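# Commentary on secondary and tertiary structure
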Amino acid sequence: MTNIAIIPARSGSKGLKDKNIKLMNGKPLLSYSIVAAKESGIFDEIMVSTDSQRYADIAIKYGASVPFLRSSENSSDTADSWDMVLEVLNNYRELGSEFDTICLLQPTSPLRIGRDISEAYKDFRNNDVDALTSVCEVDHSPLWTMMLAEDRMLTEYRKHSSNAPRQKLATYYRVNGAIYIRKIEYSKNGINLLDAKEIAFIMDKIRSVDIDDELDFAIGEYLMSKV
């Protein structure tokens, strides 16, 4: 089985300027995903998909491949990540390389480690699935959440909410954005990413921090210095 890791790192971040190369504990954010991919021992190719030569140079410095830059069509803040993946796979196919699986590793998950990735692939293979997506336990049960009307009355919420202690509530999970594995199907008509049979891979909450804004970044930096 040949595997490619794709680390998406466009340059147009709006919430946190230059987020993907912002220094976290002295290293660019995207470098942590490159290192984790390398340490996993899983991949035949580790590439960074970026629209910026500056980002590409940083990625190459930390050991990733950047054989081509991302198209402007797939570099906007509304572009779909899987369209970007298909663009990358098509470009590699034109260069003569095909892969059995793709693993999308977002640079906004810097606490994800190589063991998470290798264990995810083990889970993926052992369960004979088409796709795997990482999840973690939510911080608070959705049974304790609500929508508020303009009058802010809690009447409806109280009808449906639970007063049970947290330990007795069902466990809920969320997609944490750290690991996405998909089988790849090639044909003369194009490339498909398979996901008909998809399994969840459960990760520790600490390693599931997703960097979106300054607060996330500060939390991630603090946790990284402690673990």
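Scope of this entry: the structure provided in the associated data block.

About the criteria used
- Residues numbered from 1 in each chain as written.
- Predicted model: local features only at pLDDT ≥ 70, side-chain atom pairs only at ≥ 80, totals over all residues.
- Heavy atoms only, no water.
- Phe/Tyr/Trp six-rings, centres within 6.5 Å; stacked < 30°, edge-to-face > 60°.
- Buried < 20%, exposed > 50% of the residue type's maximum accessible area, 1.4 Å probe, protein only.
- Lys NZ or Arg CZ within 6 Å of the ring centre and 35° of its normal.
- Helix = DSSP H or I, 4+ residues; strand = E, 2+ residues; numbered from the N terminus.
- Polar contact = N/O pair within 3.5 Å; in protein donor to acceptor, adjacent residues only side chain to side chain.
- Core = buried A, V, L, I, M, F, W, Y, C linked by side-chain atoms within 4.5 Å.
- Disulfide = S-S within 2.5 Å.
- Arc of directions from axis to C-beta.
- Contact = heavy atoms within 4.5 Å.
- Expected span 1.5 Å × (residues − 1).
- Pairing = 2+ DSSP bridges.

## Looking at the packing of aromatic side chains
What the rule picks out here adds up to 5 aromatic pairs. Here the aromatic rings of tyrosine 92 and phenylalanine 99 are separated by 5.6 Å at their centres, their planes lie at 85°, and the arrangement is edge-to-face. Accessibility classification places tyrosine 92 together with phenylalanine 99 in one group, the buried group. Connected via pairs of aromatic rings, a cluster forms that spans Phe43, Tyr121 and Phe124. The ring of phenylalanine 217 has lysine 22 lying over it, and the distance from NZ or CZ to the ring centre is 5.1 Å.

## A few points about the side chain of serine 52
With respect to the helices and strands, the residue serine 52 is situated in the loop between β4 (45-49) and α2 (53-61). Taking the relative accessible area as the measure of exposure, serine 52 reaches 12% and is therefore buried. Among the polar contacts listed, one links the side chain of serine 52 to the backbone nitrogen of tyrosine 55, at a separation of 3.1 Å.

## Looking at the nonpolar core
For soluble globular proteins, nonpolar side chains are generally found buried alongside one another. Membership of the largest hydrophobic core comes to 31 residues, with the highest contact counts inside it found for Phe43, Val48, Leu105, Tyr121, Ile179 and Ile181. Breaking this core down by element, the ones donating at least two residues are β1 (3-8), α1 (29-40), β4, α2, α4 (114-126) and β7 (173-187). Core analysis: the next-biggest nonpolar cluster, separate from the first, contains 16 residues, Phe68, Met84, Leu89 and Tyr186 among them.

## Let's talk about the state of the cysteines
In the structure shown here, the tally under the stated rule is 0 disulfides. Here cysteine 103 stays unpaired: no disulfide links it, and the sulfur of cysteine 136, its closest cysteine neighbor, is 16 Å away. By relative accessible area, which is 0% here, cysteine 103 ends up buried. Residue classification places cysteine 136 among the buried positions, given a relative accessible area of 1%.

## Some points on α2
Those residues of α2 that sit buried are Tyr55, Ala56, Ile58 and Ala59. Seen along its axis, α2 keeps its buried residues to an arc of 165°; they face one direction. Exposed residues on α2 whose side chains face more than 90 degrees from its buried face are Arg54 and Lys61. Buried residues in α2 make contact with β3 (27-28), α1 and β4. Its side-chain oxygen placed 3.2 Å from the backbone nitrogen of arginine 54, serine 52 serves as the N-cap of α2. Where α2 ends, the next residue or the one after it, glycine 63, has phi of about 105°, a positive value.

## What about α4?
With 13 residues, α4 should reach 18 Å at 1.5 Å per residue; the first-to-last C-alpha distance of 18 Å fits that figure. Considered for burial, the residues of α4 that qualify are Gly114, Asp116, Ile117, Ala120, Tyr121 and Phe124. The arc that holds every buried residue of α4, seen down its axis, measures 165°, which confines them to one face. Those residues of α4 that are exposed and angled more than 90 degrees off the buried face are Arg115 and Asn126. Packed against the buried residues of α4 are β1, α1, β5 (101-104), β6 (131-137), β7 and β9 (198-202).

## Regarding the pairing of β1
With 6 of 6 residues buried, β1 lies mostly within the body of the structure. Neither face of β1 is open: one carries Asn3, Ala5 and Ile7, the other Ile4, Ile6 and Pro8, and all of them are buried. Two elements, β1 and β5, share 4 bridges in a ladder whose sense is parallel. Looking at the pairing, isoleucine 6 lines up with leucine 104 of β5. Inspection of the sheet shows β1 paired to β4 by 5 bridges, in the parallel sense. Note that in β4 the partner of isoleucine 6 across the bridge is methionine 47.

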